[in-house]
Amino acid sequence: MDTVLQDIRYALRTLAKAPGFTLVAVVTLALGIGANSAVFSVIDSALLRPLPFAEPQRLVVLENANGPGPAGYPKESLDLTDWAAQPGVFDAVTSYEVGGLNLAGPDRSLRVQAAQVMPNFHGTLGVTAALGRGFLAEEGTPDRAGVVLLSDGLWRRAYGRDPHVVGRTIVLNDRSFVVVGVMPPGFTYPRRTEVWIPHPSPDNGTNWDMFHAAVIETVIGRLHANLTLAQGQTRVAAVETAFRQDHPLPEGAHPPGLVLHPLRQTLLGDARTGLLVLFGAVGLILLIACTNAAGLLLARAASRQHEIAVRAVLGATRGRVVRQLLTEAALLAVAGSIAGLVLAWWAMGALAALLPAGLADVTPVSIDVRVLAFTLAAAGLATLLFGLVPAFGLSRADLHEPLKAGGYRAPGVRARRLRAVLVVGELGLALVLLIGAGLMLKSLYTLAHVDPGFRRESTLTATASLPRSKYTAPGSYGGYFRDALERIRAIPGVAAAGAVNALPLLGEGAAGFPFQIVGRPPFPMGEDMPFAEHLVVSSQYFQVLGIPILRGRGFTEADVANAPPVIVISENMAKRFWPDANPLGAQVKMMIDTAPRTVVGVVGDVRDVGLKEQVWALQTYTPYQQEHPSYMTFTVHGQIPTVSLVGAVRRAVAEVDPAIPLYSVHTMDEVVATSIGPERSNSLLIALAGLLALVLAAVGVYGVIAYAVAQRTHEIGIRMALGAARRDVLRLVLRHGMILTLAGVAGGLGAAWAATRVMTHLLYQVSVTDVSVFIAAPLTLVVVALLASYLPARRATNVDPMVALRHQ
């Protein structure tokens, strides 16, 4: 123990005597280790850390399962209650639906994220209330008084952590609910829920106004103990087969069977590939950082040959020398790890965006014991990667030569070759990252410049949702939105104001319904039956978003409830069903309509779900005063900055009904940016990794060339004394740098050609072997390496031959 402490004290003194070397080494390692620790925190949250539920490995999502249907409705398939009653398959089955509610407050109402859940939802997950209690089984019956559970965040934000909140009555969408409990801190599943209410069974529609468009229900089951996923799927198939024998379907009908997915897999979605690619990128950064540190230690080792030789003569064994040098490397790694953790903590906010939305409220990104353990392991790996080679190389060198006085000593051939190999490898790794970054950035640029079909500039959006319990009179929904739009249009600087029931690109596409064209044979029922998105809009909606009217007209304020029913269709729908005819005047009957509607206009196609969609959806538009939706998103186009419009729009809407809060207030630029948020985050982080690799590679090239110039000062002096011109010396040094660079480029191109195959699903309309990227990235690396070589090369041309001849 004493010798170890002695080695540590000596290493600290040695590193303190070389502050420049120590600082560069620590910063280099901090960048590599910090990047890995930060990204590992995301990997750990998304892929490794157990979900914070009881025995989470038994929780599965039942795809294609239905919730409890209305009483007396013909049963065509097994529903949630049937699966809960099946012995030996699930210990419990539950479900949830997400939406939003207006929470009445003393000053103003708040829009809160809500989840309607089966009473056994929290029990199935194994989560209990931190204050009060959870739901009782009988609280899922329609005739029971409304009860609610609050999230810890809402309890703090709206009620100041009042310990007497349990038993208090709150008002949600003008209906009274009694608070029965507060959930523990950090629990906001699903989708950052702030209030949970029981799902009535059978469903009587009392909570319908918390949802927009179609209700998306997720069914979760807890597999029977000791039952694997595969065994559970087998038993489910057997149960469905037995059910079909007693409940045969009409000929030709093929309903989808129940499929079990691990809950984590459902929450993760398709983010696994992107996260692993990013983790691989920062892994390469760590290798480059360790290569740089090894090069620094090798360069420093040459100046310590005399010191090591003296220690050997005084009795130090090779093992003791190696241990001493590894101790110095370990101290550098520890210092780099501490600095890296600071960088990782600083980057937590940006990295949280990488976590899929489904996991963000279940396993948030954090620096915990697992991340600290990973950082410690990374520090140990770094010590071995950059410390062993210099340590063993120096300890096995000829220790008699350095003790000889006088004479010029050229660096060993082995040492020069080793440093060259390290730099070539570093350049190759950097090129792999540069090419990956180039592909991601080109893909992001292509995606960001996709035409969404609407205008995004100078447009503000804000949503309002009306409670059914308050707006009960016929036409009251339409009256509210008509009055609100009139007040918004009266705001100075507003050019136009409209409204729509489903804003494009938010991932909340309008509900799709089958339709028939009057006067033509009905479309056959089944999978091939066409569906069209059902969008409800106001008269100026197309004008606000700049959606072109290609034929006919849009809507006017005259398209009211007692006017002839009309419809506007998208260009894609017109081309598909009227390829050689004019659709104006044709009649279309949507499944939800009692009478057909006359086509009065054709408008341009709009990307509804995402910019990546390759096929335009069929879209229909109907006037809001003929539909009366309970929720609408206002769209406001102004001739003044949209930020200045927010307060004015809020005040204008509050004049109609101050109890209705505006929420989801965004500009259309923000909506578009949000729609490509995951792609942007992945691209920018991989680009940052590529930039970091480029900088580290440049530092590595500079260090090797600078060291080579320093070691060859005597030789350069002789060359210049014998008549070599400055440009000859410059060419000599630059050639050395270019040979290393071109070797690294050659190896990096081959590695990148193979490695980028894993990025196929991350790119949009960009090939993994895009020629422009595979040309631009190597050229960038060559230019940067040339600049890094030029600085020491220029210094070499300024060598005084007489001083150089006396060197050493």
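Throughout this document, residue positions are counted from 1 along each chain, in the order its sequence is written. With the structure being a predicted model, the display of local features is reserved for residues of pLDDT at least 70 and the display and counting of side-chain atom pairs for 80 or more, all residues being used for whole-chain, interface and lining totals. With hydrogens and water excluded, all non-hydrogen atoms of the structure serve as input to the side-chain values.

(A) Representation of the overall build of the chain in the model. A tally of regular secondary structure across the chain gives 24 helices and 21 strands. Among the 808 residues that make up the chain, the fraction classed as buried is 49%. In the structure as shown, the chain presents an accessible area of about 36700 Å², 61% of it carried by carbon and sulfur atoms. Put simply, DSSP marks the helices as runs of H or I at least four residues long and the strands as runs of E at least two long, and each gets a number from the N terminus on. Note on classification: 1.4 Å probe, protein chains only; a residue is buried when its accessible area is under 20% of the maximum for its type, exposed when over 50%, partly exposed between these limits. Under the convention used here, a 1.4 Å probe and the Shrake-Rupley method define accessible areas, while residue burial counts only the protein chains that appear.

(B) Broad picture of the pattern of salt bridges. Whenever a carboxyl oxygen of Asp or Glu lies within 4 Å of a side-chain nitrogen of Lys or Arg, that contact is scored as a salt bridge. Per the stated rule, a full pass over the model turns up 18 salt bridges. Where Asp44 meets Arg370, a salt bridge forms, and the shortest distance between an N and an O atom there is 2.8 Å. With Asp44 in helix H2 (residues 19–48) and Arg370 in helix H13 (residues 369–395), this pair connects stretches of sequence that are 326 residues apart. By relative accessible area, Arg370 is classed as partly exposed at 36%.

(C) The confidence of the model for the chain, seen in detail. Known as pLDDT, the predictor's confidence for each residue is given on a scale from 0 to 100. Residue-level pLDDT values for the chain average 82, and 84% of them are 70 or greater. Counted against residues more than four places away or in other chains, residues 405–411, with its pLDDT under 50, gives 12 contacts. Note on definitions: a residue-residue contact is assigned when non-hydrogen atoms from the two residues lie within 4.5 Å.

(D) Looking closely at the packing of helix H15 (residues 476–489) against helix H18 (residues 642–656). Each axis is a line fitted through C-alpha atoms, and for a helix only the stretch in contact is used; angles between axes span 0 to 180 degrees, taken between their N-to-C directions. One can describe the packing of H15 onto H18 by two numbers: an axis separation of 9 Å at closest approach and a directional angle of 140°. As the angle between them shows, H15 and H18 are arranged oblique. Pair H15 / H18 crosses with right-handed handedness. The residues of H18 that touch H15, namely those facing Tyr480, Asp483, Ala484, Arg487 and Ile488, are Val649, Ala652, Val653, Glu655 and Val656. Working rule for angles: under 35 degrees goes down as roughly parallel, over 145 as roughly antiparallel, 65 to 115 as roughly perpendicular, anything else as oblique. Rotating anticlockwise by less than a right angle from the far helix to the near helix defines a left-handed crossing, while the corresponding clockwise rotation defines a right-handed one.

(E) Representation of the pairing of strand S16 (residues 566–570). Buried residues dominate S16, accounting for 5 of its 5 residues. Where burial is concerned, the two faces of S16 agree: the one with Val566, Val568 and Ser570 and the one with Ile567 and Ile569 are both buried. Bridge count for S16 against strand S18 (residues 597–603) is 5 bridges, and the pairing is parallel. When the bridges of S18 are listed, Val566 appears paired with Thr598. Only strands joined by at least two bridges in the DSSP assignment are considered to pair. Judged from the 2 bridges that link them, S16 and strand S19 (residues 619–623) form a sheet pairing that is antiparallel.

(F) Local environment of the packing of aromatic side chains. The aromatic pairing rule takes the rings of Phe, Tyr and Trp, using the six-membered ring of Trp, and pairs them if the centres are within 6.5 Å, calling planes under 30 degrees apart stacked, those over 60 edge-to-face and the rest tilted. Under the definition given, this model contains 22 aromatic pairs. Here the aromatic rings of Phe187 and Trp196 are separated by 5.6 Å at their centres, their planes lie at 25°, and the arrangement is stacked. Assigned by exposure class, Phe187 and Trp196 land together as buried. For the pair Phe577 and Trp578, a centre-to-centre distance of 6.4 Å together with 70° between the ring planes defines the contact as edge-to-face. Each member of the pair, Phe577 as well as Trp578, is classed as buried. Among the aromatic residues, those joined into a ring-pair cluster are Phe53, Tyr96, Phe121, Phe187, Tyr189 and Trp196.

(G) Structural view of a nonpolar patch on the surface. A cluster of nonpolar side chains, Val24, Leu688, Leu691, Val695 and Val699, forms an exposed patch at the surface whose accessible area comes to about 410 Å². The residue Val699 is located in helix H20 (residues 677–711) in this model. Within the patch definition used here, like charges are joined within 9 Å and nonpolar side chains (Val, Leu, Ile, Met, Phe, Trp, Tyr) within 5 Å, considering only residues with over 30% relative accessible area and no salt bridge.

(H) Local environment of the side chain of Ser675. Along the chain, the position of Ser675 falls in helix H19 (residues 668–675). Among the polar contacts listed, one links the side chain of Ser675 to the backbone oxygen of Val672, at a separation of 2.6 Å. Whenever two N or O atoms come within 3.5 Å, that pair is a polar contact, provided that in protein one can donate a hydrogen and the other can accept it, and provided that, for residues adjacent in sequence, both atoms are side-chain atoms.

(I) Summary view of unusual backbone geometry. For the bond from Tyr189 to Pro190, the omega torsion is 0°, close enough to zero to count as cis. Examined against the element boundaries, Pro190 turns out to sit in the loop between strand S7 (175–182) and strand S8 (195–198). We note that Asn173 has phi near 50°; this positive angle belongs to a residue other than glycine. Turning to its location among the elements, Asn173 is positioned in the loop between strand S6 (169–172) and S7. Residue Asn173 is classed as buried on the basis of its relative accessible area, which comes to 2%. The phi dihedral of Ser458 falls on the positive side, at around 55°, and the residue is not glycine. Its location among the elements puts Ser458 in the loop between helix H14 (413–448) and strand S11 (459–465).

(J) Spatial organisation of the pairing of strand S14 (residues 531–537). Judged by how many residues are buried, S14 sits mostly within the fold: 6 of 7 residues are covered. With 3 bridges connecting them, strand S13 (residues 512–517) and S14 associate as antiparallel partners. Looking at the pairing, Pro514 lines up with Phe531 of S14. Where S14 meets S19, 5 bridges bridge the pair, whose relative direction is parallel.

(K) Structural context of the nonpolar core. Here, nonpolar core means buried Ala, Val, Leu, Ile, Met, Phe, Trp, Tyr and Cys residues that are tied together by side-chain atoms lying within 4.5 Å of each other. Counting residues in hydrophobic clusters, the biggest one holds 90 residues, and the most contacted among them are Phe53, Tyr189, Trp196 and Leu263. Counting residues in each nonpolar core, the second largest holds 29 residues, with Phe542, Val568, Tyr621 and Tyr764 among its members.

(L) Representation of the environment of Asn501. Within the secondary structure layout, Asn501 lies in the loop between strand S12 (494–500) and S13. On the basis of relative accessibility, which here comes to 13%, the residue Asn501 falls in the buried class. It is 4.6 Å that separates the C-alpha atoms of Asn501 and Met632, two residues lying 131 residues apart in sequence. Non-local contacts of Asn501, meaning those with residues more than four positions away in its chain, are made with His534, Leu535, Val536, Tyr631 and Met632.

(M) Layout of the side chain of Thr756. Structurally, Thr756 can be placed in the loop between helix H22 (726–755) and helix H23 (771–797). Those residues in contact with Thr756 that sit more than four places away from it in its chain are Ile435, Leu439, Val768 and Phe774.

(N) Expanded view of the environment of Val758. Structurally, Val758 can be placed in the loop between H22 and H23. Residues Val758 and Val768, 10 residues apart in the sequence, show an inter-C-alpha distance of 8.7 Å. Setting aside residues no more than four positions away along its own chain, Val758 makes contact with Thr273 and Val277.

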